[in-house]
Amino acid sequence: MDDIINQIIKIDSVAFENKEKNEQFLINKKQECENIINNYKKEKMAIAKFNAEVINKNIKESSKKQDELDNEKIKKLTSDMEIKYLSIENKLIDEVFNKLFILEG
């Protein structure tokens, strides 16, 4: 009877050791998976941040170029208006004075 009890104790001890080993294996595997997930998350976030910075830089450059184009258009329009004004300025002054003198006379 003692042999049977001793065999049961050995079997129980082996089963308990196996259970402990399996639990430790699962804990280690869980930690490994969590580390993989965290590293993946950090990597994807870094890539997303880099891509966002590139897009932001491109938008700023595009906006700056558009501003420069708009400023050039404004300068050209202003210059064109000044040229037109200068070309008709004397005629306009003459017409105004002629109308003034006609009204007075």
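What you are looking at is a predicted structure, and each value in this text was computed from that prediction instead of being measured.

### Re the overall build of the chain
Argument step 1. Helix and strand counts for the chain come out as one helix and zero strands.
Argument step 2. Expressed along its principal axes, the backbone C-alpha trace of the chain runs to roughly 150 × 25 × 5 Å.
Argument step 3. Taken over 105 residues, the chain has a buried fraction of 0%.
Argument step 4. As displayed, the chain has an accessible area near 10,400 Å², and 61% of this comes from carbon and sulfur atoms.
Argument step 5. Between the centroid of the 19 positive side chains of the chain and the centroid of its 21 negative side chains there is a distance of 3 Å.

### Section: the pattern of salt bridges
Argument step 1. Taken as a whole and assessed by the stated rule, the structure comprises three salt bridges.
Argument step 2. Glu23 serves as the salt-bridge partner of Lys19, at 3.7 Å between the closest nitrogen and oxygen. Here Glu23 and Lys19 lie together in helix α1 (residues 2–104), a separation of four residues that amounts to about one turn.
Argument step 3. Under the relative-accessibility criterion, Glu23 is labelled partly exposed at 36%.
Argument step 4. Between Lys76 and Asp80 there is a salt bridge, with the nearest N and O atoms lying 3.2 Å from each other.

### Observations concerning the environment of Tyr85
Argument step 1. Topologically, Tyr85 is positioned in helix α1.
Argument step 2. A C-alpha to C-alpha distance of 23 Å links Tyr85 and Phe101, two positions 16 residues apart in sequence.

### Topic: a nonpolar patch on the surface
Argument step 1. On the surface, a nonpolar cluster with roughly 770 Å² of combined accessible area is contributed by Tyr85, Leu86, Leu92, Ile93, Val96, Phe97, Leu100 and Phe101.
Argument step 2. Positionally, Leu92 belongs in helix α1.

### Points about the environment of Ile4
Argument step 1. Relative to the helices and strands, Ile4 resides in helix α1.
Argument step 2. Considered as a pair, Ile4 and Asn98 are 94 residues apart in the sequence and their alpha carbons are 136 Å apart.

### Some words on a negative patch on the surface
Argument step 1. Taken together, the side chains of Asp67, Glu68, Asp70 and Glu72 define an acidic patch exposed on the protein surface.
Argument step 2. Structurally, Asp70 is set in helix α1.
Argument step 3. Asp70 sits in the partly exposed class, given a relative accessible area of 31%.

Scoring rules and cut-offs
Residues numbered from 1 in each chain as written. Predicted model: local features only at pLDDT ≥ 70, side-chain atom pairs only at ≥ 80, totals over all residues. Heavy atoms only, no water. Helix = DSSP H or I, 4+ residues; strand = E, 2+ residues; numbered from the N terminus. Buried < 20%, exposed > 50% of the residue type's maximum accessible area, 1.4 Å probe, protein only. Areas by Shrake-Rupley, 256 points an atom, 1.4 Å probe, with all protein chains shown as cover. Lys, Arg positive; Asp, Glu negative; His and termini not counted. Charge placed at Lys NZ, Arg CZ, Asp CG, Glu CD. Salt bridge = Lys/Arg side-chain N within 4 Å of Asp/Glu carboxyl O. Patch = residues over 30% accessible without salt bridge, like charges linked within 9 Å, V, L, I, M, F, W, Y side chains within 5 Å.

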